[in-house]
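Listed here are the chains, written in short residue letters.
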Amino acid sequence: MVLKGYSINTIKTYYYFVLRLINYYRQNSISQINMFSASVINEYHQLMLGEKAYSFQTVNQSVNAIKLYYQGYLKREFELQDVIRPKTGRQLPKVWNKEEMRKILKTSDYYKEFKPKEYLFLGQFGGKYSATSAGNVLSKAYRKERRTQTRWITLITT
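Residues numbered from 1 in each chain as written. Predicted model: local features only at pLDDT ≥ 70, side-chain atom pairs only at ≥ 80, totals over all residues. Heavy atoms only, no water.

S.K.: How should I be thinking about a positive patch on the surface in this particular structure?
M.R.: A cluster of basic residues, Lys106, Lys112, Lys140, Arg143, Lys144 and Arg147, forms a positive patch at the surface. Counting residues per element, the positive patch draws most heavily on helix H7 (residues 131-157), which supplies 4 residues. (Patch = residues over 30% accessible without salt bridge, like charges linked within 9 Å, V, L, I, M, F, W, Y side chains within 5 Å. Areas by Shrake-Rupley, 256 points an atom, 1.4 Å probe, with all protein chains shown as cover. Salt bridge = Lys/Arg side-chain N within 4 Å of Asp/Glu carboxyl O. Lys, Arg positive; Asp, Glu negative; His and termini not counted. Charge placed at Lys NZ, Arg CZ, Asp CG, Glu CD. Helix = DSSP H or I, 4+ residues; strand = E, 2+ residues; numbered from the N terminus.)

S.K.: I tried to follow helix H4 (residues 56-73) on my own but got confused; where do I start?
M.R.: An α-helical segment advances 3.6 residues per turn. Residues three or four places apart therefore align on the same side. In this model, H4 (18 residues) spans 25 Å end to end at C-alpha, consistent with the 26 Å of a helix rising 1.5 Å per residue. Every buried residue of H4 is accounted for by Val59, Asn60, Ser62, Val63, Ala65, Ile66, Lys67, Tyr69 and Tyr70. Against the buried residues of H4 lie helix H1 (8-24), helix H2 (30-34) and helix H3 (38-50). At the exit of H4 stands Lys75, carrying a positive phi of roughly 55°. (Expected span 1.5 Å × (residues − 1). Buried < 20%, exposed > 50% of the residue type's maximum accessible area, 1.4 Å probe, protein only. Contact = heavy atoms within 4.5 Å.)

S.K.: What's the story with the layout of surface pockets in this structure? I'm lost.
M.R.: Unoccupied space between atoms shows up once a probe the size of one water molecule is rolled over them. If you add up the space inside the largest pocket, you get close to 350 Å³. Around the largest pocket, the lining is made up of 14 residues, and of these Met1, Val18, Leu68, Tyr69 and Tyr73 lie nearest the centre. Secondary-structure elements contributing two or more residues to the lining of the largest pocket are H1 and H4. Counting residues per element, the lining of the largest pocket draws most heavily on H1, at 6 residues. Residue composition of the lining of the largest pocket, by class: 12 nonpolar, 1 polar and 1 charged. (1 Å grid on protein atoms, 1.4 Å probe; cavity = no way out; pocket = protein on both sides within 12 Å on 5 of 7 lines; lining within 4 Å. Points joined across faces, edges and corners; volume = space filled by probe spheres on them. Nonpolar A, V, L, I, M, F, W, Y, C, P; charged D, E, K, R; others polar.)

S.K.: Help me understand the packing of H1 against H4 in this model?
M.R.: A pair of packed helices is characterised by two quantities: the angle between their axes and the separation of those axes. Put simply, H1 and H4 touch, their axes get as near as 8 Å, and they point 80° apart. On the basis of the axis angle, H1 is roughly perpendicular to H4. Two secondary-structure elements touch here, H1 through Thr13, Tyr14, Phe17, Val18 and Leu21 and H4 through Thr58, Gln61, Ser62, Asn64, Ala65, Ile66, Leu68, Tyr69 and Tyr70. Its residues assigned to classes, the contact of H1 with H4 shows 9 nonpolar, 5 polar and no charged. (Axes fitted to C-alpha atoms, helices over the stretch in contact; angles between N-to-C directions. Parallel < 35°, antiparallel > 145°, perpendicular 65-115°, else oblique.)

S.K.: Would you mind going over H3 with me for this structure?
M.R.: Taking 1.5 Å per residue as the helical rise, H3 with its 13 residues ought to reach 18 Å, and the 18 Å between its terminal C-alpha atoms agrees with that figure. All of the buried residues along H3 are Ala38, Ile41, Asn42, Tyr44, His45, Met48 and Leu49. For H3, the angular spread of buried residues about the axis comes to 160°, placing them on one side. Exposed and oriented more than 90 degrees from the buried face of H3 are Glu43, Gln46 and Gly50. The inward-facing, buried residues of H3 contact H1 and H4. Phi for Lys52, located one or two positions after H3, is positive at around 65°. (Arc of directions from axis to C-beta.)

Purely geometric numbers; function is a separate question.
So this is what it looks like as C-alpha cells:
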C-alpha cells in the first residue's frame, strides 16, 4: 500500500477493517476467511449497517479495504463486482429556527461590528459569500454558542 501511494491514515483504516472482518469471523480459520464468497462479504456489511453504529460511508471504506485485501494481497479474483456497496443516504441540511439564528448572530462579533446591509456575509472582495462559506461561518458560530450554553449549564449545576 505504501508503494502504491496510500496515505498512512488510509493504511491504518484499511488494516482496521480487515482486522475487524477477521475478528468477527474468529470461529473460522484464516484459510476459510480467505475463501469467503462475495455473498458472505455482503452479509457482513449488511450486519454492520444493521448495528446502526456504522454510516454508509464507513461501510464503503470497509468494502474498499476488504476488496483490496482479497484482490491485492490474496490475488483472488472472486466476484468483486458482486460485492455490493451500500447506497449513501441523503443527509438533509441543518435548518435553524428563528431563535437559533438569533442566538447564532448574537454570538457572532461579525454582525455587530460590520452591520451588513445587503448580504449577511460579504465575500473577501465584496458581493455575497458562497452558500458553503456562509454555512461554515454559521456552523462555527452555532458550535461557539453551544459551547457557551454548555459552560453556563455546567456552572449552574456545580
